[in-house]
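# Remarks on the overall topology
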Amino acid sequence: MDFNMKKLASDAGIFFTRAVQFTEEKFGQAEKTELDAHFENLLARADSTKNWTEKILRQTEVLLQPNPSARVEEFLYEKLDRKVPSRVTNGELLAQYMAEAASELGPTTPYGKTLIKVAEAEKRLGAAERDFIHTASINFLTPLRNFLEGDWKTISKERRLLQNRRLDLDACKARLKKAKAAEAKATLWNDEVDKAEQELRVAQTEFDRQAEVTRLLLEGISSTHVNHLRCLHEFVESQTTYYAQCYRHMLDLQKQLGSSQGAIFPGTFVGTTEPASPPLSSSSPTTAAATMPVGPSVAGLAPPGEAALCLEEVSPPASGTRKARVLYDYEAADSSELALLADELITVYSLPGMDPDWLIGERGNKKGKVPVTYLELLS
């Protein structure tokens, strides 16, 4: 009991001394041991890393789960160390509603059949989103959280210890200064100065040791950046995979809808089985195609919606043909189109009255319509 009481009294005395030293420093009434410039730079870099990691983490959480209530629920489950319940994605929920609507409104009607097709695509989109969220959480969010909840807590703890050691050191310096001043006035014995000097040596040793430990941890921020860089690459890769899957699913759906709508509404949706917006590329083929020289009128090319293109009667214009590199594989929807393989070179040209999103492509003795969005036009 006596030992515990003495320890409590000692701890209270140390805390009081530090508080006095800190307060006097704030008011400029006491000297403060300054850290070197390199150390201060390490501290600033560590603080910046922590602050930006928090912001990136929070915004990524918003990106993956826009619903604030759902984020709070997931946070509580994690803190309680319980498994987060499975939650359907918005795409999957929309697919469910569409399928139920088709069942009630008539699955054999044109509207019902289309609802079913779109529902299947939305379900695939929802599944792709679920996979993306799972992959991004493991490969990106988890490492960021581990840094903030692990490494950063350790760094913060050692920084607090360093701050306490510095306060102790400066308090010892102040006591030694007072002791020497009192000795000069012959009001203290020499042993009081010796005691103050001994306390200062101990405090200096502890401060130096703690400064070295803290410095090594702060320098470890560089390896943290390397790890976060790797995680960032994986996050981008998962996003790329997700959006590529979404594009394929929607492209398939658009082809299905184009063929079915062409049967329901004759004369429409001709040559629109491809999206108007292409995958991103380094050039702007759509703009280039719109400005290509157009040859003279060719027989067999009727106004849009009246007749299909008669390929046998199509011949390239006297001027205006260009070479194009294929960016992506393309499967022809019908005999009027030309199938494409990525990276092959073909000859392309435009004809009067053609949809600006399409060109005539030739490869050897084969020709057909090709979507501009799949091409990189060469000079």
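Heads up: the structure comes first, above all this text.
Scope of this entry: the structure provided in the associated data block. (Residues numbered from 1 in each chain as written. Predicted model: local features only at pLDDT ≥ 70, side-chain atom pairs only at ≥ 80, totals over all residues. Heavy atoms only, no water.)

Right, let's get into the overall build of the protein chain. A tally of regular secondary structure across the protein chain gives eight helices and five strands. Going from the N terminus to the C terminus, the protein chain shows its helices and strands as α-α-α-α-α-α-α-α-β-β-β-β-β. Counting over 379 residues, the protein chain shows a buried share of 34%. Within the protein chain, residue pairs in contact and separated by at least 24 positions form 69% of the contacts whose partners lie at least 6 positions apart. In the structure as shown, the protein chain presents an accessible area of about 23,300 Å², 58% of it carried by carbon and sulfur atoms. (Helix = DSSP H or I, 4+ residues; strand = E, 2+ residues; numbered from the N terminus. Buried < 20%, exposed > 50% of the residue type's maximum accessible area, 1.4 Å probe, protein only. Contact = heavy atoms within 4.5 Å. Areas by Shrake-Rupley, 256 points an atom, 1.4 Å probe, with all protein chains shown as cover.)

Attention now moves to the pairing of strand E2 (residues 345-349). Burial analysis of E2 places four of its five residues in the buried class, which makes it a mostly covered element. When strand E1 (residues 322-326) meets E2, the two strands line up antiparallel, connected through four bridges. Bridging from a neighbouring strand, Lys323 pairs with Thr347 of E2. Direction of pairing for E2 relative to strand E3 (residues 358-363): antiparallel, over a ladder of three bridges. Residue pairing across strands places Thr347 opposite Glu362, the latter belonging to E3. (Pairing = 2+ DSSP bridges.)

Here we take up the packing of aromatic side chains. Scanning all chains against the criterion turns up seven aromatic pairs. Look at Phe132 and Tyr242: their rings are 4.9 Å apart centre to centre, the planes differ by 5°, and that puts the pair in the stacked class. Of this pair, Phe132 sits in helix H5 (residues 110-184) while Tyr242 sits in helix H7 (residues 221-264), and the two are 110 residues apart along the sequence. In this structure, Phe132 and Tyr242 share a single accessibility class: buried. Through a chain of ring-to-ring contacts, three or more aromatic side chains come together here, namely Phe132, Phe140, Phe235, Tyr242 and Tyr243. Sitting over the face of the ring of Trp52, Lys55 holds its NZ or CZ atom 4.4 Å from the ring centroid. A cation sits over an aromatic face here: Lys369 above Trp358, 5.4 Å from the ring centre. (Phe/Tyr/Trp six-rings, centres within 6.5 Å; stacked < 30°, edge-to-face > 60°. Lys NZ or Arg CZ within 6 Å of the ring centre and 35° of its normal.)

To continue, consider the sheet that holds strand E4 (residues 366-371). Strands sit in the order E4-E3-E2-E1-E5 across an open sheet of five strands; the sheet is antiparallel. Edge positions in the open sheet fall to E4 and strand E5 (375-377), since each of these has one partner strand only. In this sheet, neighbouring strand axes are inclined to one another by 40° on average, regardless of whether the strands run parallel or antiparallel. As judged from the three bridges shared by E1 and E5, these two strands associate in the antiparallel manner. If you follow Val326 over to E5, its bridge partner there is Leu375. (Axes fitted to C-alpha atoms, helices over the stretch in contact; angles between N-to-C directions.)

Taken across its six residues, E3 has five buried, putting it largely inside the fold. Of the strand pairs in this sheet, E3 and E4 are connected by six bridges, and their pairing is antiparallel. Residue pairing in the sheet places Ile360 in a bridge with Lys369 of E4. The antiparallel hairpin formed by E3 and E4 contains two residues in its connecting segment, where Gly364 sits at a positive phi of about 65°.

So, about helix H3 (residues 68-79). Given a rise of 1.5 Å per residue, twelve residues ought to cover 16 Å, and the 17 Å separating the end C-alpha atoms of H3 matches this to within 8%. Where H3 begins, the capping side chain belongs to Asn67, and its oxygen is found 2.9 Å from the backbone nitrogen of Ser69. Backbone geometry just downstream of H3 places Asp81 in the positive-phi region, at approximately 55°. (Expected span 1.5 Å × (residues − 1). Polar contact = N/O pair within 3.5 Å; in protein donor to acceptor, adjacent residues only side chain to side chain.)

Once that is clear, we can look at the environment of Arg165. For Arg165, the location among the structural elements is in helix H5. Given a relative accessible area of 22%, Arg165 falls into the partly exposed group. For Arg165 and Asp208, which are 43 residues apart along the polypeptide, the C-alpha to C-alpha distance reads 8.8 Å. Apart from the residues lying within four places of it in its own chain, the contact partners of Arg165 are Arg18, Glu206, Phe207 and Gln210.

Attention now moves to the environment of Leu144. Here Leu144 lies in helix H5. A residue is classified by how much of its surface remains accessible, and Leu144, at 4% relative accessible area, is buried. In sequence terms Leu144 and Thr224 are 80 residues apart; their C-alpha atoms lie 9.5 Å from each other. Ignoring sequence-local partners within four residues, the contact set of Leu144 consists of Thr53, Ile56, Leu57 and His228.

Enumeration according to the criterion identifies 17 salt bridges in this entry. We note a salt bridge from Arg130 to Glu92, for which the minimum N-O separation is 2.5 Å. Note that Arg130 is positioned in helix H5 and Glu92 in helix H4 (residues 90-105), a separation of 38 residues in sequence. A salt bridge links Arg325 to Glu376, with the nearest nitrogen and oxygen atoms 2.6 Å apart. You can see Arg325 sitting in strand E1 and its partner Glu376 sitting in strand E5, a full 51 residues away along the chain. Residue class for Arg325 comes out partly exposed when judged on its relative accessible area of 26%. By relative accessible area, which is 17% here, Glu376 ends up buried. What emerges from the salt-bridge pattern is a single network uniting Arg58, Glu61 and Arg145. (Salt bridge = Lys/Arg side-chain N within 4 Å of Asp/Glu carboxyl O.)

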